[in-house]
Amino acid sequence: MEHAAVLVTIGNELLSGLTVDTNSAFLARGLASIGLKVRMKLSAADSIPEIVHALHLAEQQGTVILLSGGLGPTSDDCTKPALAERYGRPLIFYPHVMEAVQAHFRRLGRTMPEINRNQALLPERSTLLPNAFGTAWGIWIEEGGKHIIALPGVPFELKPMFTEQVLPRLQQKLPPSPLLSRTLHIFGMGESAIAERIADIERSLPPAISLAYLPHYSVVRLRLTGSSPDADALRNQMHEAEQNLLHRLGDAVFGFDDTSLEAELGKALRAAGKSIAVAESCTGGALAARIVSVAGASDYFPGSIVAYANEVKQHLLDVPADLIGQYGAVSEAVVQAMLNGLLQRIPADYGAAISGIAGPDGGTAEKPVGTVWIATGSRANRQARRFQFRGNRNDVIEYAVMNALGLLLQQVRAGS
Ligand code: ATP
């Protein structure tokens, strides 16, 4: 049977929704990177019987069972007693773990609370994984061909332990069948429009390849995943599927794998030796923040103007007051004037200007919440578009930022 993993996250706060389970997404991505699929995810309460029950279920589905959380010293931390019970490995005292925990407190300049002696009580016959950032050591139990691995719940403790200690060892112990993946990033087409356009390609994908739609605001990622013992055949099939999709979707595909609109915009500007500035009203600097999230943005981003109030639009972007009076701040005339003023004030090759109603208040029948005007372009060639976005305030801001980035990318790539 193909190896597969099951994730078991532990904690009442995960079940109540007080903590969002980000650990399992992190673990699943890491496992995929070594060709291990996650077949099931479970969340169990802080209770020994619940965790033992989850382990029973997990054992039926996976060779690798990865637990997170519940390794702390307090009575509500039940992972260790559950492992002890399920795998018949009583908790014993490990002096070298005790020393490491004491050293941890010494480094922090604190005396160790007595309760932390419990951190040195761990199941016998297990491999113990040191914790460089906390007191809960990881536990690796091998039982009946299965690997049961318990990691601390705190993300900054779990992540290095998993990446540095668990993944390399798993790779050694379980030679995987090849898993390939390729992600196409699409801007300017919604999920259903894409699905319609590629329906026949999707239907004729070979069984070894699956396709997932991952929409995020105005970008849809299409992920091809292939798994087969025949690596060469799989590589060819993946290549063919990708080519078919590219042929069908054309320029809507703006990048591959780990990328983003802002990263691609940066690459396009750098390749063309051009620069960009932005003027923002309703996004309040979110577009500029996105542009500078790309390392090296100083090569092509001289700066931005956040002009939230009408007076600032007038004073810093030279938008005529009567234009605002006549058309309103959220209008084609005003975003065009913002862009004009911007490119006068900041000498850049391209610019974008955004003005809209992010809500929840401020909408009218004519311009409801979510109405956003975006002007983009160069001195020679400008366009302005009206959008009607859905969602709450943050959603409207995010949509506006992504659309401005997408429109800019199209223009810079077209050299217009
Ligand atoms: P430690 O002893 O180092 O605190 P632990 O294994 O006892 O580790 P938990 O008590 O289960 O960890 O969780 C500690 C905190 O870690 C939680 O309050 C929560 O903030 C975070 N956490 C736990 N599980 C997850 C998860 N699946 N995703 C994201 N964060 C988590």
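Residues numbered from 1 in each chain as written. Predicted model: local features only at pLDDT ≥ 70, side-chain atom pairs only at ≥ 80, totals over all residues. Heavy atoms only, no water.

Asks: I'd like to hear about the nonpolar core, residue by residue, with values.
Replies: Residues Leu261, Leu265, Ile276, Leu287, Tyr300 and Ile354 are the most contacted members of the largest nonpolar core, which totals 37 residues. Elements with a minimum of two residues in this core: α10 (261-272), β13 (276-280), α11 (286-292), β15 (350-356), β16 (371-378) and α15 (393-414). Counting residues per element, this core draws most heavily on α15, at twelve residues. In this structure, this core is formed jointly by two domains, domain 2 (179-256) and domain 3 (261-414), each of which donates at least three residues. Membership of the second largest hydrophobic core comes to 32 residues, among which are Tyr94, Leu128, Ala136 and Ile148. (Core = buried A, V, L, I, M, F, W, Y, C linked by side-chain atoms within 4.5 Å. Buried < 20%, exposed > 50% of the residue type's maximum accessible area, 1.4 Å probe, protein only. Helix = DSSP H or I, 4+ residues; strand = E, 2+ residues; numbered from the N terminus. Domains from an automatic or database assignment.)

Asks: Let's hear about α10: which residues, and what values?
Replies: Along its twelve residues, α10 runs 16 Å from first to last C-alpha, staying within 8% of the 16 Å computed at 1.5 Å per residue. Looking only at α10, the buried set comprises Leu261, Glu262, Glu264, Leu265, Gly266, Ala268 and Leu269. Immediately beyond the C-terminal end of α10, within one or two residues, lies glycine 273, with a positive phi of roughly 65 degrees. (Expected span 1.5 Å × (residues − 1).)

Asks: Describe the environment of valine 52, naming the residues involved and giving the relevant values.
Replies: Mapped onto the elements of the fold, valine 52 is located in helix α3 (residues 48-61). In the structure, valine 52 is positioned 31 residues away from leucine 83 in sequence and 7.4 Å away in space, judged by C-alpha atoms. In this structure, valine 52 is in contact with Ala82, Glu85 and Arg86, ignoring residues within four places of it in sequence. (Contact = heavy atoms within 4.5 Å.)

Asks: Explain the site of the ligand to me, using residue names and the numbers behind them.
Replies: Around the ligand, a shell composed of 21 residues is seen, among which Asp21, Gly70, Leu71, Gly72 and Glu157 lie nearest. Here threonine 22 contributes a backbone N or O atom positioned 3.1 Å from a nitrogen atom of the ligand. One of the backbone nitrogen or oxygen atoms of leucine 71 is found 2.9 Å away from an oxygen atom of the ligand. Burial of the ligand by the surrounding chains reaches 77%, relative to a free accessible area of 620 Å². Judged by the fraction of its atoms near the pocket grid, the ligand is located in the second largest pocket. Secondary structure elements with two or more residues in the shell around the ligand: α1 (12-16) and α6 (155-173). Across the shell around the ligand, the residue classes tally to seven nonpolar, ten polar and four charged. (Near = heavy atom within 4 Å. Polar contact = N/O pair within 3.5 Å; in protein donor to acceptor, adjacent residues only side chain to side chain. Areas by Shrake-Rupley, 256 points an atom, 1.4 Å probe, with all protein chains shown as cover. 1 Å grid on protein atoms, 1.4 Å probe; cavity = no way out; pocket = protein on both sides within 12 Å on 5 of 7 lines; lining within 4 Å. Sits in = over half its atoms within 2 Å of the grid points. Nonpolar A, V, L, I, M, F, W, Y, C, P; charged D, E, K, R; others polar.)

Asks: Please set out the packing of aromatic side chains residue by residue, giving values where relevant.
Replies: Going through the model one piece at a time under the given rule, you end up with four aromatic pairs. When the centroid spacing of 5.8 Å and the interplanar angle of 65 degrees are considered together, the rings of phenylalanine 26 and phenylalanine 162 count as edge-to-face. Of this pair, phenylalanine 26 sits in helix α2 (residues 23-33) while phenylalanine 162 sits in helix α6, and the two are 136 residues apart along the sequence. By relative accessible area, phenylalanine 26 is classed as buried at 19%. The buried category is assigned to phenylalanine 162, whose relative accessible area is 1%. When the ring of phenylalanine 387 is compared with that of phenylalanine 389, the centres are 5.1 Å apart and the planes differ by 20 degrees; the resulting orientation is stacked. Overall, phenylalanine 389 belongs to the buried group, its relative accessible area being 9%. (Phe/Tyr/Trp six-rings, centres within 6.5 Å; stacked < 30°, edge-to-face > 60°.)

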